[in-house]
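Summary of the model geometry
One letter stands for each residue in the lines below.
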Amino acid sequence: MSDPTMAPTEQRLAYDGVTVDFGATRALEDITFAVAPGEIVGLLGHNGAGKSTLFNVTTGVIGATSGGFSIGGTRIDGRLTPREAAQHGVTVIHQEPALAPNMTVLENLFLARPAPRAAERRVLAREALAAVGTDLPLDMPVEALGLGERQLVDIARGMLAGEMKVLLLDEPTAALGRAETDALHALIQSFADRGTAVVYVSHRLPDIMEVCTRIVVLRGGRLVVDGPASDFTPAKLADALVPDLRSLDFTHVAPGAEVAVVETEGGTVRARAGEVVGLFGMAGGEQFDIAAQLAGAASSPQPYELNGEPVRFASPRHAIRRGVFFVPPDRDTEGLIASETAIDNVMLPWFSLGGARGWWVSAKSGADVYAKARAALDIRGPSADAEVSQFSGGNRQKHLLARWLYPAQPTLLILAQPTQGVDVGAKLDIVEATRDAAARGAAVIVASSESDEIASLCDRAYTVLGDRLVAVPRSDTFNADLLTSLLAIAEPARA
């Protein structure tokens with residue numbers, strides 16, 4: 001663990017009272033900690049904790065309201081540009097690398113950077129790629145590369161800017177397999193061995209425990225935990241991540257008949273009418289595959305039981321006709337049509353489905369349903385005829401949920417991370433609407449990689465990882481139990 005009192009010249013990265021306000025919302029408050037050369041710090045916290053905001057301050061995407069930071073002993077009080085941050089030795093790697101897919105590896109390596117003569121450029125490019133352990137063809141289009149290879153190109157770009165003093169990793173393994181993750185971790189360790197300060201954000205807690213030397217936890221924009229990784233047991237790490245918020249007080253109704261029975265590699269998932277069941281796992285984990293299978297959104301549909309009958313949905317349309325509705329994890333690319341009006345985004349599927357199961361929506365009844373949904377979910381913003389893109393993120397998410405709650409009563413409602421990226425007020429509205437759907441007889445399944453999201457919505461849950469499935473009953477320690485169960489079943493895979 002680095003000593004915050006160490007001399008500035010001994011710090012690779014040091015934050016000093018960083019505070020960030022967005023209007024009346026305080027995203028970060030007085031963040032102070034230092035990262036020494038060679039440290040690998042795991043930066044943890046639930047959605048909205050401030051992790052991305054801190055990265056954005058460091059890389060020049062946004063400026064701090066007050067406070068500052070230093071890189072390699074150089075004090076930064078104002079806002080850097082992203083190019084200046086790179087010149088100071090800061091490299092950031094996101095889950096999806098920031099590369100131009102239609103350009104070659106070579107072109108991406110020097111994108112938006114001063115380029116030397118062609119021959120020298122190729123020499124430098126090969127040296128940078130060799131430093132990250134690859135010899136990718138320089139003239140290959142980036143779109144032909146796998147995700148792990150694109151991440152290597154992104155890291156090599158950072159090396160071309162000069163000495164890599166700080167490496168920031170934002171969910172780098174979320175979509176990687178085990179072999180790619182191991183290779184990335186070995187590369188991270190090699191950079192640390194050369195003196196790079198590494199800050200690693202991930203929801204895959206076993207990955208954090210595997211490679212990090214220190215754990216820092218943010219909660220509600222504040223630093224609440226900072227200590228050596230060796231001090232953390234799974235239970236202690238789970239306890240550190242559980243927000244200091246009271247569980248939402250909702251009514252648990254007596255569940256009815258089984259609606260869905262799904263056989264997975266690890267066991268059986270059951271959902272009954274009147275209850276909300278969670279599927280919890282790692283970011284990009286198997287819980288989302290199960291959700292897609294149920295909704296007919298998987299490329300290889302698998303059978304399951306719906307109201308006692310075997311079904312196999314080849315498309316979402318087939319599932320919708322049986323009352324199986326799906327809210328996908330990415331509202332803007334998988335759910336909503338940005339250029340269409342708010343009311344059309346809610347009602348369009350029901351216009352096209354016509355009289356399936358007796359559902360029929362006319363223009364007038366559609367307007368009535370939209371008005372009902374808007375009131376029930378407390379949707380705020382422009383009028384029904386405005387493009388849905390004009391609404392805030394939380395209100396766009398409410399439109400997507402409204403599509404599957406109010407034109408027709410769902411039999412099985414499947415929600416993938418329904419409260420991700422929304423503020424507390426919108427989250428409460430979504431929780432209330434989801435619980436109301438269950439109270440009216442729907443079976444609800446929530447897939448998420450956020451334990452607090454599962455805890456805020458669900459009556460009980462299953463933790464899913466690979467071929468392991470563990471039932472987690474609701475209790476006073478539900479949130480912590482979810483995290484502990486995930487870490488516990490991950491231990492054999494790491495051994």
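First things first, this report covers the structure right here in the doc.

Conventions adopted
Residues numbered from 1 in each chain as written. Predicted model: local features only at pLDDT ≥ 70, side-chain atom pairs only at ≥ 80, totals over all residues. Heavy atoms only, no water. Helix = DSSP H or I, 4+ residues; strand = E, 2+ residues; numbered from the N terminus. Buried < 20%, exposed > 50% of the residue type's maximum accessible area, 1.4 Å probe, protein only. Contact = heavy atoms within 4.5 Å. Areas by Shrake-Rupley, 256 points an atom, 1.4 Å probe, with all protein chains shown as cover. Phe/Tyr/Trp six-rings, centres within 6.5 Å; stacked < 30°, edge-to-face > 60°. 1 Å grid on protein atoms, 1.4 Å probe; cavity = no way out; pocket = protein on both sides within 12 Å on 5 of 7 lines; lining within 4 Å. Points joined across faces, edges and corners; volume = space filled by probe spheres on them. Nonpolar A, V, L, I, M, F, W, Y, C, P; charged D, E, K, R; others polar. Pairing = 2+ DSSP bridges. Axes fitted to C-alpha atoms, helices over the stretch in contact; angles between N-to-C directions. Parallel < 35°, antiparallel > 145°, perpendicular 65-115°, else oblique. Left-handed = near helix turned anticlockwise from the far one by under 90°.

1. Topic: the overall build of the protein chain
A tally of helices and strands in the protein chain yields 17 helices and 20 strands. With 495 residues in all, the protein chain has 54% of them scored as buried. Looking at the protein chain alone, contacts between residues at least 24 apart form 68% of all its contacts between residues at least 6 apart. Surface summary for the protein chain: the accessible area is close to 20700 Å², and the carbon and sulfur share equals 52%.

2. Section: the packing of aromatic side chains
Two aromatic rings are characterised by how far apart their centres lie and by the angle between their planes. Using the criterion set out here, one finds six aromatic pairs in the structure. Ring centres of Tyr15 and Phe69 lie 6.1 Å apart, and the angle between their planes is 45 degrees; this geometry places the pair in the tilted category. Highlighted residues: Tyr15 in strand β1 (residues 13-22) and Phe69 in strand β4 (residues 66-71), separated in sequence by 54 residues. Seen from their ring centres, Trp350 and Trp404 are 5.6 Å apart, and the 70 degrees between their planes marks the pair as edge-to-face. A residue pair is termed long-range when its members are at least 10 positions apart, and Trp350 in helix α12 (residues 342-353) and Trp404 in helix α14 (residues 393-405) qualify at 54 residues. When sorted by exposure, Trp350 lands in the same class as Trp404, which is buried.

3. So, empty space enclosed by the protein
If a probe as big as a water molecule is rolled over the atoms, it shows which places are left empty. In total, this model carries one cavity of 30 Å³ or more according to the counting rule given. In this structure, the largest cavity occupies an estimated 140 Å³ of space. His46, His203, Leu205, Leu241 and Leu483 are the residues nearest the centre of the largest cavity, which is lined by 17 residues in total. Elements represented by at least two residues in the lining of the largest cavity include exactly β3 (40-44) and α17 (478-494). The residue makeup of the lining of the largest cavity, split by class, is eight nonpolar, six polar and three charged.

4. A few points about the sheet that holds strand β20 (residues 468-473)
Across the sheet, six strands lie side by side as β16-β17-β18-β13-β19-β20; this open sheet has mixed pairing. In this open sheet, the two edge strands, each paired with only one partner strand, are β16 (324-327) and β20. Adjacent strand axes in the sheet meet at a mean angle of 20 degrees when their direction is disregarded. Pairing geometry for strand β13 (residues 276-280) and strand β18 (residues 443-448), over five bridges, is parallel. Note on β18: the bridge partner recorded for Gly278 is Val446. Against the sheet, helix α9 (residues 286-294) makes contact with β13, β16, β17 (412-416), β18 and β19 (460-465), and its axis sits at roughly 145 degrees relative to β18, the strand it touches most.

5. With respect to the sheet that holds strand β14 (residues 304-306)
Taken in spatial order, the four strands make up an open sheet running β12-β11-β14-β15, and their pairing is antiparallel. Of all strands in the sheet, those with a lone pairing partner are β12 (268-272) and β15 (309-311), marking the two edges. Each adjacent strand pair in this sheet contributes to an overall mean axis angle of 20 degrees, direction not counted. The sheet contact formed by strand β11 (residues 258-263) and β14 spans two bridges and is antiparallel.

6. Description of the pairing of β13
With five of five residues buried, β13 lies mostly within the body of the structure. Side chains of β13 alternate between two faces, with Val276, Gly278 and Phe280 and Val277 and Leu279 buried alike. Two strands pair when backbone bridges link them, and β13 and β19 are joined in this way by four bridges, in the parallel orientation. In the sheet register, Val277 faces β19, and the bridge partner there is Arg460.

7. A short note on the packing of helix α4 (residues 118-131) against helix α5 (residues 147-160)
Between α4 and α5, whose axes approach to 9 Å, the crossing angle comes to 120 degrees. With respect to their mutual orientation, α4 and α5 come out oblique. Regarding α4 and α5, the two cross each other, and that crossing is right-handed. Between α4, through Leu124, Ala128, Leu129 and Ala131, and α5, the contact on the second element is made entirely by Ala156, Met159 and Leu160. Tallied by class, the residues present in the contact of α4 with α5 amount to seven nonpolar, no polar and no charged.

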